[in-house]
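A look at the structure
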Amino acid sequence: MKGLLPEEELRGDIKEMKKRIILLGPPGAGKGTLAEMLQEREGIPHVSTGDLLREEVKKGTDLGKRALRYMEKGALVPDKLVVQLLKKNLSQDSFFVLDGFPRNLQQAKILEEEKMRIDAVVNLRVNDETIIFRLSGRRICRSCGKIYHLVNFPPKKEGICDICGGILYQREDDREEVIKERLKVYREETQDLVKFYKEKGILEEIDANGEAEEIYASLVEVLKRNGKEREN
Ligand code: AP5
């Protein structure tokens with residue numbers, strides 16, 4: 001089961017950190033980048049509904065074909081399909097950094113109905129200019145999924161992944177007109193979650209406009225705060 005890590009295998013600072021984490025933020029906020037850093041450095045598995053959906057599209061499954069119709073327009077995929085996929089990848093025992101879920105109040109309520117314990121929800125605040133710059137320059141490895149940026153995090157060799165030598169590609173939904181629609185959907189459907197989790201008292205907010213390393217340090221600090229208390 002993806003997302004499951006036995007207690008004895010926890011490493012680094014992870015024992016002191018909150019381990020069931022939701023990252024919220026607009027497209028391009030850096031959710032995937034930070035989740036990958038947490039996975040590599042702390043061993044907390046990264047679960048991205050966007051990646052899971054793209055995997056289904058790549059495999060040409062029924063679910064993937066249905067999801068693609070929404071994804072290419074920048075719209076949300078119906079809750080039923082996303083939840084079906086997520087249930088295969090999360091369990092009550094999992095530790096995880098959830099990236100891309102929940103996306104609306106209905107999905108947040110589904111997590112509650114499933115009694116999925118969430119330790120922290122971190123909202124990444126980013127301005128629109130940064131979002132457009134980050135998304136238009138993003139490139140991803142077709143083989144291992146490593147995220148690059150043409151200016152911010154360029155590969156050593158143009159178009160080639162430093163890690164596995166795979167080919168880098170640009171996501172279909174990173175075209176300007178689709179980015180605009182994704183931002184609109186974020187404002188109309190996802191932003192309400194900030195208020196929802198604030199009222200529950202588990203929301204943390206960080207400024208995510210700066211350097212990735214600085215933002216990562218703020219994230220870890222936030223996750224460590226009271227982390228021990230919560231574990232006990
Ligand atoms: P999804 O894949 O979740 O996309 P998203 O939320 O729009 O977020 P992104 O992946 O675009 O951005 P990110 O915040 O992860 O940024 P990243 O770290 O890559 O969803 C795609 C689609 O799937 C949706 O539109 C929807 O159709 C569907 N979907 C997914 N989940 C769903 C759900 N729950 N319900 C319904 N539908 C769902 O960074 C971006 C770029 O910036 C990269 O190039 C990176 O290198 C660079 N960068 C990152 N941080 C920094 C930094 N600090 N400094 C400089 N550059 C940086």
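The structure reproduced in this document is the subject of the present report. As the structure is a prediction and not an experimental result, all values here were calculated from the model. (Residues numbered from 1 in each chain as written. Predicted model: local features only at pLDDT ≥ 70, side-chain atom pairs only at ≥ 80, totals over all residues. Heavy atoms only, no water.)

1. Comments concerning the sheet that holds strand E7 (residues 168-169)
Taken in spatial order, the three strands make up an open sheet running E6-E5-E7, and their pairing is antiparallel. Only two strands of the sheet have a single neighbouring strand rather than two, namely strand E6 (147-149) and E7. Sheet analysis places strand E5 (residues 138-141) next to E7, joined by two bridges and oriented antiparallel. When the sheet's bridge partners are listed, Cys-141 is paired in E7 with Leu-168. (Pairing = 2+ DSSP bridges. Helix = DSSP H or I, 4+ residues; strand = E, 2+ residues; numbered from the N terminus.)

2. Here's the deal with the packing of aromatic side chains
Per the counting criterion, the structure on display carries one aromatic pair. A centroid spacing of 5.0 Å and a plane angle of 85 degrees characterise the contact between Phe-196 and Tyr-197, whose relative ring orientation is edge-to-face. Pair check on accessibility: Phe-196 and Tyr-197 agree, each one buried. One Lys or Arg, Lys-19, reaches over the ring of Phe-95 and ends 5.9 Å from the middle of that ring. In this structure, Arg-41 packs its charged tip against the face of Tyr-216, placed 4.8 Å from the ring centre. (Phe/Tyr/Trp six-rings, centres within 6.5 Å; stacked < 30°, edge-to-face > 60°. Buried < 20%, exposed > 50% of the residue type's maximum accessible area, 1.4 Å probe, protein only. Lys NZ or Arg CZ within 6 Å of the ring centre and 35° of its normal.)

3. Looking at the state of the cysteines
Under the criterion given, the structure shown has zero disulfides. Here Cys-144 stays free of any disulfide, with the sulfur of Cys-161 as its closest cysteine sulfur at 3.7 Å. (Disulfide = S-S within 2.5 Å.)

4. Brief notes about helix H7 (residues 176-190)
Along its 15 residues, H7 runs 20 Å from first to last C-alpha, staying within 8% of the 21 Å computed at 1.5 Å per residue. Buried within H7 we find Val-178, Ile-179, Arg-182, Leu-183, Val-185, Tyr-186 and Thr-190. Taken down its axis, H7 places every buried residue within 160 degrees of arc, on the same side. The outward face of H7, more than 90 degrees from its buried face, is lined by the exposed residues Glu-176, Glu-177 and Lys-180. Elements that come into contact with the buried residues of H7 comprise helix H3 (62-71), strand E4 (120-125), helix H6 (128-136), E5 and helix H8 (192-200). (Expected span 1.5 Å × (residues − 1). Arc of directions from axis to C-beta. Contact = heavy atoms within 4.5 Å.)

5. Details of the packing of H3 against helix H4 (residues 79-87)
Angle between the axes and distance between the axes: these two values describe a pair of packed helices. Following both chains from N to C, one finds H3 and H4 inclined at 135 degrees, their axes separated by 11 Å at the closest point. Between H3 and H4, the angle falls in the class oblique. In this structure, the crossing between H3 and H4 has a hand that is left-handed. From H3, Leu-63, Arg-66 and Ala-67 reach across to H4, where they touch Leu-81, Gln-84 and Leu-85. Along the lines of polarity and charge, the residues of the contact of H3 with H4 split into four nonpolar, one polar and one charged. (Axes fitted to C-alpha atoms, helices over the stretch in contact; angles between N-to-C directions. Parallel < 35°, antiparallel > 145°, perpendicular 65-115°, else oblique. Left-handed = near helix turned anticlockwise from the far one by under 90°. Nonpolar A, V, L, I, M, F, W, Y, C, P; charged D, E, K, R; others polar.)

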